[in-house]
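A closer look at the structure
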Amino acid sequence: LRNLNGKVSATPDSVVAPVKFPRTDQRIDWPEEAEHDPDREYPLTDPGVPAHMKLMAGADGYCSPQRRPGDCMALLAHGRALLGNSSVYKDEALMLPALNILGRRAQSVLILGGGTMYAAMLALRFPWVQRVVVVEISRHVVKASTDWFLELKQASLDPRLELILGDALQVIARMTERFDLVVSDLLYSPWLKRDPATRFPRTVPFMHQLSGLLQEHGILVHEAGTINQPRHTQRMLDLHRLAFPAVWLAAIPVDLELDE
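The following refers to the structure shown. (Residues numbered from 1 in each chain as written. Predicted model: local features only at pLDDT ≥ 70, side-chain atom pairs only at ≥ 80, totals over all residues. Heavy atoms only, no water.)

So, the overall build of the chain
Rule in force here: A run of H or I in DSSP becomes a helix once it reaches four residues, and a run of E becomes a strand once it reaches two; helices and strands are each numbered from the N terminus. Here the term buried applies to any residue with accessible area under 20% of the maximum for its type, exposed to any over 50%, and partly exposed to those in between, with areas from a 1.4 Å probe on protein chains only. Between two residues, a contact is recorded if the distance between any of their heavy atoms is within 4.5 Å. Here the open area of atoms and residues is found with the Shrake-Rupley method and a 1.4 Å probe, where only the protein chains shown may cover a residue.
A count of helices and strands for the chain gives seven helices and nine strands. Looking at the chain as a whole, 48% of its 260 residues qualify as buried. Long-range pairs, those at least 24 residues apart, make up 68% of the contacts in the chain with a sequence separation of at least 6. With an accessible surface of roughly 13600 Å², the chain has 54% of that area assigned to carbon and sulfur atoms.

So this is what it looks like as structure tokens:
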């Protein structure tokens, strides 16, 4: 979804290939029992962590390049993978096309709901990105991700990154900064108890508020739901068409082996 006050096009020198994650000799200790119990749950030690948040070993998890091959883990909330195989596909689809379209103009990035730090890590791989602001409502998501995954910890310590813990709606209401790229990965989960972590306004004024965070050449990318939420996705598409002069809907292919 783009703000087309000025026409933006990708040129050969502005398009870069996704950067491979560097491997280091540092690894987070992995319990040996995991080799014999691939679906084991590991305790989150952060005080006050909610009961619906779990850290699981298993094939559907995120297979960090810092771990041994096959050592995969998923951070779940209400059974949904905040960090896992499917979330990695989604974050790459949210971040990489827009960063390549903007090229060297992608110097400032705002990520709403990016507490796992994976999306921020992708943005920080681009050397011309000078500033990444992550707004996350749950400190538990940040701590679990950065405690268990070394590359996400490294991303969180990058001096170009600013983490704001709080309700994204309240945070952006006070923002005066404008960004080259705004990525909204806020959850809309109407089957869960209503609170700031499970809802965001599906209104034209909110879309205009997001538009106001963009530079003139800026791009907004908004996670608009899944095939399981067709009415929500249609409403999101309609709202963006009312608020923006040009809108593209992109499907994200997820290569998962689903149980029958």
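That was the structure; now back to the text.
Quick notes on the nonpolar core
Rules: Only buried residues count toward a nonpolar core, which is a set of Ala, Val, Leu, Ile, Met, Phe, Trp, Tyr and Cys residues joined through side-chain atoms within 4.5 Å.
Judged by nonpolar contacts, the single largest core of 46 residues is most densely connected at Met95, Leu99, Val109, Val132 and Leu181. With residues near it in sequence (within four places) discarded, Val109 still touches Met95, Leu99, Ala123, Val129, Arg131, Val132, Val133, Phe179 and Leu181. Grouped together as the second largest cluster of nonpolar side chains are 22 residues, Val135, Ile172, Leu239 and Phe244 included.

A short note on helix 7 (residues 230-243)
Quick reminder of the rule: In a helix, the anticipated span is given by 1.5 Å times the number of residues less one. This arc corresponds to the set of directions leading from the helix axis out to the C-beta atoms.
End to end, helix 7 covers 20 Å across 14 residues, agreeing with the expected 20 Å (1.5 Å per residue, within 8%). Three or more residues of helix 7 are buried, namely His232, Thr233, Met236, Leu237, Leu239, His240 and Ala243. Buried positions in helix 7, seen along its axis, are confined to an arc of 165° and lie on one side of it. Opposite its buried face, helix 7 presents the exposed residues Pro230, Arg231, Arg241 and Leu242, each directed more than 90 degrees away. Buried residues along helix 7 sit in contact with helix 6 (204-211) and strand 9 (214-222).

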